[in-house]
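# A look at the structure
One letter stands for each residue in the lines below.
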Amino acid sequence: MERSTGGVVWWGETGEFIQVNNTHCDGCGDCLRVCLGGCFALREGKAVVINLESCMECAACWYACEKGAVLYGLPKGGTGFATEYG
Ligand code: SF4
Ligand code: SF4
């Protein structure tokens, strides 16, 4: 499903292109703090991905996670969003 706001268009159903490895996650919360999309939550001391439809593919979560627990891939079909100016 396509969604548009503020000059940005997102395509939904792009797959679980970001995941958390529970074995490596220590629940520090850094991925939550850097994610402008609100894509993560903490549950039972571990990060979980809750909403990738607002992901901007900035990779800040991947960079921020010192435990290497954020598994960062590419959305199905190449990209999940586009901006008005390319
Ligand atoms: S930054 Fe990494 S270790 Fe910290 S809560 Fe997020 S996934 Fe877990
Ligand atoms: S890529 Fe950016 S917007 Fe997407 S989940 Fe990671 S920090 Fe959030």
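Because the structure is a prediction, the values reported are computed rather than measured.

### Some thoughts on the environment of Gly77
Residue placement: Gly77 occurs in the loop between strand S6 (70-72) and strand S7 (81-83). When the C-alpha positions of Gly77 and Gly15 are compared, they lie 9.3 Å apart, and in sequence the two are 62 residues distant.

### Let's talk about the pairing of strand S4 (residues 40-43)
Where S4 lies against strand S5 (residues 46-49), 4 bridges are found, and the strand directions are antiparallel. Within S5, the position partnered with Ala41 by the bridge is Val48.

### Considering the site of ligand 2
Close to ligand 2 lie Ile18, Cys35, Cys39, Phe40, Cys55, Met56, Glu57, Cys58, Ala59, Ala60, Cys61 and Tyr72. Here the shell around ligand 2 is built from residues that sort into 11 nonpolar, no polar and 1 charged.

### Points about the confidence of the model for the chain
Scored by pLDDT, the chain comes out at a mean of 87, with 88% of its residues at no less than 70. No element of the chain has a lower mean pLDDT than strand S2 (residues 8-11), which averages 69, and none a higher one than helix H1 (residues 30-34), which averages 98.

### Considering the side chain of Ser54
Summarising the element assignment, Ser54 is placed in the loop between S5 and helix H2 (60-64). For Ser54, a relative accessible area of 15% puts it in the buried group.

### With respect to the pattern of salt bridges
One pass over the structure, following the stated rule, counts 2 salt bridges. Notably, a salt bridge pairs Asp26 with Lys67, separated by 3.8 Å at the nearest N-O pair. Pair noted here: Asp26 is in the loop between strand S3 (18-20) and H1 and Lys67 is in the loop between H2 and S6, with a separation of 41 residues, a long-range link. Residue classification places Asp26 among the partly exposed residues on the basis of a relative accessible area of 44%. Exposure remark for Lys67: the relative accessible area of 45% places this residue in the partly exposed category. Asp30 serves as the salt-bridge partner of Arg33, at 2.8 Å between the closest nitrogen and oxygen. Taken together, the residues span about one helical turn, with Arg33 and Asp30 both in helix H1 at a distance of 3 residues.

### Details of unusual backbone geometry
You will see that Glu44, though not glycine, has its phi angle at about 50°, which is positive. Given the relative accessible area of 83%, Glu44 is considered exposed. Even without being a glycine, Glu57 presents a positive backbone phi close to 55°. Following the sequence through the fold, Glu57 ends up in the loop between S5 and H2.

### A word on the packing of aromatic side chains
In the structure shown here, the tally under the stated rule is 1 aromatic pair. When the centroid spacing of 5.0 Å and the interplanar angle of 80° are considered together, the rings of Trp62 and Tyr63 count as edge-to-face. Here Trp62 falls in the partly exposed class, since its relative accessible area comes to 44%.

Calculation criteria
Residues numbered from 1 in each chain as written. Chains lettered and ligands numbered in written order. Predicted model: local features only at pLDDT ≥ 70, side-chain atom pairs only at ≥ 80, totals over all residues. Heavy atoms only, no water. Helix = DSSP H or I, 4+ residues; strand = E, 2+ residues; numbered from the N terminus. Pairing = 2+ DSSP bridges. Near = heavy atom within 4 Å. Nonpolar A, V, L, I, M, F, W, Y, C, P; charged D, E, K, R; others polar. pLDDT = per-residue confidence, 0-100. Buried < 20%, exposed > 50% of the residue type's maximum accessible area, 1.4 Å probe, protein only. Salt bridge = Lys/Arg side-chain N within 4 Å of Asp/Glu carboxyl O. Phe/Tyr/Trp six-rings, centres within 6.5 Å; stacked < 30°, edge-to-face > 60°.

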